Amino acid sequence: MLLLRCHLKRALPQKVSCRFCAVMGKLQSKFKHSTYKYSRPDGFIEEKIQTKAFQEYSPAHVDTVSVVAALNSDLCVSGGKDKTAVAYNWRTGNVVKRFKGHEREITKIACIYKSSQFFSASRDKMVMMWDLQSSSQPRQQFSGHTMVVTGLTVSPDSSHLCTGSRDNTLLLWDVGTGQCAERASVSRNLVTHLCWVPREHYILQTSEDKTIRLWDSRGLQVVHTFPTQQHIQTYCEVSEDGHKCVSCSSGFEGEGCEATLWDLRQTRSRICEYRGHFQTVASCIFLPRALAAMPAIATSSHDCKVKIWNQDTGACLFTLSLDGSGPLTSLAVADSISLLCRNKCYASLRFSLRACSFTFTLLEPSCCSEASTLER
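Residues numbered from 1 in each chain as written. Predicted model: local features only at pLDDT ≥ 70, side-chain atom pairs only at ≥ 80, totals over all residues. Heavy atoms only, no water.

Mind showing me how you'd approach the overall build of the chain here?
Looking only at helices and strands, one finds one helix and 34 strands in the chain. Counting over 376 residues, the chain shows a buried share of 59%. With the model as given, the accessible surface of the chain reaches about 15,500 Å², and the carbon-plus-sulfur share is 47%. (Helix = DSSP H or I, 4+ residues; strand = E, 2+ residues; numbered from the N terminus. Buried < 20%, exposed > 50% of the residue type's maximum accessible area, 1.4 Å probe, protein only. Areas by Shrake-Rupley, 256 points an atom, 1.4 Å probe, with all protein chains shown as cover.)

Looking at this structure, I do not really get the pattern of salt bridges. What am I missing?
Side-chain pairs of opposite charge can arise whenever the charged atoms involved come near each other. Within the structure shown, the criterion is met by 10 salt bridges. Two residues, Arg213 and Asp209, come together in a salt bridge whose shortest N-O distance is 2.8 Å. Side by side, Arg213 and Asp209 carry an identical accessibility label, which is buried. Residues Arg275 and Glu273 are paired through a salt bridge, measuring 3.1 Å at the closest nitrogen-oxygen approach. Here Glu273 falls in the partly exposed class, since its relative accessible area comes to 27%. (Salt bridge = Lys/Arg side-chain N within 4 Å of Asp/Glu carboxyl O.)

Looking at this structure, how should I read the side chain of Gln117?
Tracing the backbone through its elements, the reader meets Gln117 in strand E10 (residues 117–122). On the basis of relative accessible area, Gln117 is assigned to the buried category, the value being 18%. A distance of 3.4 Å separates a polar atom in the side chain of Gln117 from a polar atom in the side chain of Asp131. Setting aside anything within four residues of it in sequence, one finds Gln117 in contact with Leu71, Cys111, Ile112, Met129, Trp130, Asp131 and Arg139. (Polar contact = N/O pair within 3.5 Å; in protein donor to acceptor, adjacent residues only side chain to side chain. Contact = heavy atoms within 4.5 Å.)

What is the right way to read the packing of aromatic side chains from this model?
Geometry of an aromatic ring pair is reported as the spacing of the ring centres plus the angle between the planes. Tallying each qualifying case throughout the model produces six aromatic pairs. Their ring planes at 55 degrees and their centres at 5.8 Å tell us that Tyr274 and Trp309 sit as a pair that is tilted. Taken together, the residues span a long stretch of sequence, with Tyr274 in strand E26 (residues 270–274) and Trp309 in strand E29 (residues 305–310) at a distance of 35 residues. Overall, the relative accessible area of 1% leaves Trp309 in the buried class. Aromatic ring contacts, followed pair by pair, group Phe99, Phe118 and Trp130 into a single cluster. (Phe/Tyr/Trp six-rings, centres within 6.5 Å; stacked < 30°, edge-to-face > 60°.)

Would you take a moment to explain the nonpolar core for this structure?
Generally speaking, soluble globular proteins have nonpolar side chains that are buried together. Within the largest apolar cluster, 15 residues are counted, with the highest numbers of intra-cluster contacts made by Leu71, Val77, Ala85, Phe99, Ile109, Cys111 and Phe118. When contributions to this core are tallied by element, the ones reaching two or more residues are strand E5 (65–70), strand E6 (75–80), strand E7 (84–89), strand E9 (106–111) and strand E11 (126–131). Looking at this core element by element, the count peaks at three residues for E9. (Core = buried A, V, L, I, M, F, W, Y, C linked by side-chain atoms within 4.5 Å.)

Geometric descriptors of this kind do not, in isolation, establish any biological role.
Next up, the structure:
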């Protein structure tokens, strides 16, 4: 477990005070120091903080974790290469339940928030529906793709499920019956992520063909294609009011590696870009307004960093650097003040943001093999 508390004081030149505690198991040698960074338009501050042993949680998976999503204010669900989905209480560090049924790695998790139900997609081309309150067997199975399922999103009323795949297709499912209601295919549309627009019939989608598409679920037709980007679009998220969306891109050594804010209303134009990562940006989310005095966006990257951005100006407000942790991906809002983040070697990184106070908690190593590799 890694616990980092950072308090950014508003007075004078933004002095930073931090407390940092960690037990990394076999990874402890890679975290002798953690780099805390705070960026702003007129300057840059960096501090190194000595780690101290604090508490260790048992692994939730026996192999690399692929994705994490919030089920409710206490529980998250993670999926990984061990073919299992795990419901995990990130407040206590306890595994609540394991779900087995997939034959290959789980690639996406979509939760019906504040319920006991969630969906998992896999490289076995299947999507399964699970219920925390019932047996460990899937309640429903959705079979129709011919390649790995890489996109998964649930409608606001939970009646429909949309899935996307590297087979260039989107499928719309009736959750109640498990039947495919609509099918659409676009050439070279290798889906990377799907996100349903709140209170609307629209679905946002990113693709390896460097485009972002907006679909109308009524008939599953493309209603808008955003300008083609320079790099693969890896992820997308829609704001709570449905007025804006943010996407992020692949990249290397600072080329690409950006997140982009778009207007989802009439103009559907680019509003702002967020640049500062040095490798692929794998996830981007809107922070709840309760967390900050200004609209903010969070991104996580393969460069082992999570960044918090001023949504309106594009200024980087905060950077958490976890060198040696592996790619940081799959950001999700856990509750009104907390976020979850998955990385290659750990189930989830949890951090809490209340105005200018930040609390980071890194939960359980995913497997000994990954830890041994990093030790060498």
